[in-house]
Amino acid sequence: MSDTAELQTEQAGSPAVLKNVQEMLNEEKWTRAALSNYSTGQFKELDLILKEARDAHAYNDLKTLCDEHLVHTKNSIIALYFSGMIALSRQLIDDAVLVNLVTIFVDNHKWGIVRYLCERILDYGESRFALRTLAECCKNENEEDQIMGIWERLVKVDFEEADITKALAEHYEKLADLEAAVDYYKKALHRYINKQLFTNVREIWAKLLEFCPEDIDFFLHVEKRIAKNISEEKSVLLLEDVYASCKKRGDIETAIGILKTILQYDERDSLARKEIAECFRIKYKNHSQLEEYIRISNLTQNWRNVREAITDFEKHIAFDRGSFVFHRTWGAGRIASVKGDEIVIDFAKKRGHSMSLKMAVNALQTLSKNHIWVLKATQKKEKLYERVKNEHAWALKTVIKSFGNSCDIKRIKAELVPSVLSPGEWTAWSGKAREILKSDPSFGVNPGNIDLYTVRDRPISIAEKLYNEFRAEKGFFERIVTIRAFASQKDAELDSEYFNEMIEYFFAYLRSYSQVNENVIASWLLIKELSASHPHLDKGITVEFQDLFDKVDDVPPLFLGIKDGSLKEAFLKQLRVCVPSWPDIYARLFPHTLLPVIISSLEKEGYDDKLTLMVQSCFENYREYREAVLWFYKNGRASSWFEKAGIGMEKILITLIYILDLSYRDIDMHRNTTENRKVNKQVYTLLFKEGLLQSFVKDAGDDTILRIYTLIDDVKGLDPADKLALRSFIQDSTGFKFSEELEKKVSRALIVTAAMYEEKQRQLARIMDVEVPANSKEIAFALSLGDLRENAEYKAAKEKQEILNSTAAKLKEEIERAQIFDPDTASAEKVSFGTRIVLSNDATGKEEEYTILGPWESDPENRIISYLSPFGNAILNKVSGESFTFSRNDEKLSYTVKQITKAAL
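Residues numbered from 1 in each chain as written. Predicted model: local features only at pLDDT ≥ 70, side-chain atom pairs only at ≥ 80, totals over all residues. Heavy atoms only, no water.

(A) Looking closely at the pattern of salt bridges. If you walk through the whole model with that rule in mind, you get 44 salt bridges. For Glu504, the salt bridge is made with Arg511, and the minimal N-O distance between the two is 1.9 Å. A relative accessible area of 54% places Arg511 in the exposed class. (Salt bridge = Lys/Arg side-chain N within 4 Å of Asp/Glu carboxyl O. Buried < 20%, exposed > 50% of the residue type's maximum accessible area, 1.4 Å probe, protein only.)

The structure is reproduced here in structure tokens:
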């Protein structure tokens, strides 16, 4: 049943059930039934009445009846229950009625009824209020064993609840289920960070360091949130704990990274500076120049900027015997020795090269032994080729790590093609590589740029991978694609902080908008979409669709701004359900969107009048709705609502010709070139290739033919060959006689080849730039001789001037008329400009070959004839096998077209 039909049925109501409820309400009011008289059995009876009302399509009338009753009897149990349950079944946002009802029974300690009401609410999806109240109910009825299960459900829908989340973690810790305990401790940590409760944060931080000390990525991720939400000083305190744990475990690399982060927050932290020097000593204990480089960099001297000192030290420490370096001229090399301030390097093209340490630090780039440049220089090409070709993940890791652990596909290709892989091999190889980058947990994306890939020291979960992609995405609708991918995972953790942060991005649009744009509407629609499979998300929406829609200034631009097909469909569906004037809005939207579902919806609901008005509007405003006019002609003209619009074939043709002309003009002016080319091609195909013009003018009257042809002739961008072809068709098929004025107008266009057009321009340029100035000098010289009456030189120069002026004027006029022929448009279907033909002389049986071009290219001796010549005009538009006659010097000749091919231009 359609929405409209269902609404009409519901409005009819069911007098019996409404009468019954009215009597119940009156009895409740008059008898003032005590709360102690209510039982779960009575609510079950109310549920039967609700079912009866639903089956009778009386929900609307029943809710109206109860809402009116509550105006003067606000604590009516029956009215509260009926109104609240109907609102809940329709997923309305305002749940105040049911909250009021449950609170009444909580205050009176009717826990059995409270449990029943909460469970009924939860039948329609998870509710924070219902779950909290149900847990309280279990506590009061001494059912402690059920509370944990309810709490687990609660923390999945209440992202702010921290204390209960912590209690769950402690519960599982006592049960020795550390995996579950860690999961809840992590959730509680994020929630305490949001509440800025550092004491609680530090307590849980210590627990997690105890249970999962190696989950460094988690600690570093959370540390950034603490620095942002609480303070950098508090973040340093926690990082110091992580550092101590790493050092104790011997993870010196990670310990150094943590100390660097601490020093970024506070470069004057003397303890961190002392510790990082100690860690460097441990890491590079076998380095021959360790203490010297610490001294040179002043790493332990507090007067030196610590960041500069670390950078300086790391530059120097990379220079040791056996290390690899790169010079922009000599390529990769290996350090042969380091003696004091002198370094000796073996480059492939320059072995035993010596330079000072200072020069080396400034001129050379240090490379790891696994750097792709080192591998290219040290390994056999065949061996490296085989490994790259067959071990995609290894090759990707090698290249990405070679460039600061941040690399895009373009850079990867530049390093492998053509030095390792051929361009042809890259195509197949890169396809598999992209799949690995997307699915392999060893790879992630740079949070600041989704095009840059990184290699993870510890495998990344799919959830974290998608979260990082979400953060890296810059586009709003690209982020929608990512969050959908996250939510569609098997066993997706929608109560995780990753998902909470992603969904919060969209909730923020619904809380802080100043005007309703496509992002606000799309956020609402997306949350509704996700809540279909995860109902608890729906509870976060605090605004109705119609409230948002009422604030929309202009619907078509907003709709076009929604760059997601499924959300556009959802938008149209919400319009039908929530906005009474949806047919008018659909009619406004269609010319901009051309979505068939709009037409089918209006047809289904019987709004043919809207469709008829839409057709009339689009044809009247064809300048704005060009594509809509085309759509209606192709898809709608057989329908009754199109016929009622009263738009005949002549008006359709005239409108299409206007659109053709407009599109040519806009293309020439570089306005919306892509869209106009698309429209132009469609209209041209309809009018000329599909023969719409010819089929119409064939049976049209003279006035109509003249009107149509005049419009076609005025289309400036149209190929003159098409105009000539239509003129010839009209003359041959209708007997229509063109006036002399129109004939002259038609014949003005001149089709030419690009080569001849350039030649004519060169001729004109030579006349204007060379011959005219030379002639002016000749005239000036002749004038200097005096006595113009006997001056032969002057007369000759003036005659030449007239010839040059005449020739130049003629060339200018012809060039202005010229239309350059596009060889790609040549067709062998009929005789036309740019075709080569074979004719059979019917009298002699001999075959004659001709090439049809224009007057500029005409060369009768070589059988190249102009399409404007009498013979050329006679054979124009003939097809293979067609016979015709031609008169020449009073001699009548008869020919048959044997073959038509494209000329080689």
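(B) Region of interest: unusual backbone geometry. Put simply, Val417 and Pro418 share a cis peptide bond, and its omega is 5°. Relative to the helices and strands, Pro418 resides in the loop between α23 (409-416) and α24 (423-439). We note that Asn298 has phi near 55°; this positive angle belongs to a residue other than glycine. Take Asn298: it is sitting in the loop between α17 (290-297) and α18 (306-317). With phi around 60°, Arg863 is a residue other than glycine that occupies positive phi space. In this fold, Arg863 is placed in the loop between β11 (847-853) and β12 (864-866). (Helix = DSSP H or I, 4+ residues; strand = E, 2+ residues; numbered from the N terminus.)

(C) Layout of the sheet that holds strand β13 (residues 883-888). The sheet built from 5 strands is open, its strands ordered β12-β11-β10-β14-β13 with mixed pairing. Two strands lie at the open edges of the sheet, namely β12 and β13, each paired on one side alone. Put simply, the sheet's adjacent strands are angled 45° from each other on average, direction ignored. (Pairing = 2+ DSSP bridges. Axes fitted to C-alpha atoms, helices over the stretch in contact; angles between N-to-C directions.)

(D) Representation of the sheet that holds strand β5 (residues 365-367) within the structure. On the basis of which strands lie adjacent, the open sheet formed by 5 strands has the order β4-β3-β2-β1-β5 and antiparallel pairing. Whereas interior strands pair on both sides, the edge strands pair on one side only; in this sheet they are β4 (353-356) and β5. Taken over all neighbouring pairs, the strand axes of this sheet differ in orientation by 40° on average, direction set aside. As judged from the 3 bridges shared by strand β1 (residues 324-327) and β5, these two strands associate in the antiparallel manner. Residue Phe326 lies in a different strand from β5, and its bridge partner there is Gln365.

(E) Looking closely at the pairing of strand β10 (residues 835-841). By the criterion of burial, β10 is predominantly enclosed, with 6 of the 7 residues buried. Note: β10 against β11, 6 bridges, orientation antiparallel. Bridging across to β11, Thr835 finds its partner in Ile852. Where β10 hands over to β11, the hairpin turn is made up of 5 residues, of which Gly845 adopts a positive phi near 80°. Taken together, the 7 bridges between β10 and strand β14 (residues 891-902) define a ladder with antiparallel strand orientation. Among the inter-strand pairings, Val838 is bridged to a residue of β14, identified as Gln899.

(F) Looking closely at the environment of Val455. Among the secondary structure elements, Val455 is positioned in strand β7 (residues 449-455). The class of Val455 is buried, set by a relative accessible area of 7%. Put simply, Val455 and Lys401 are 54 residues apart on the chain and 6.9 Å apart in space, counted from C-alpha to C-alpha. Contact partners of Val455, with chain neighbours within four places excluded, come to Lys397, Ile400, Lys401, Asn405, Ser442 and Phe443. (Contact = heavy atoms within 4.5 Å.)

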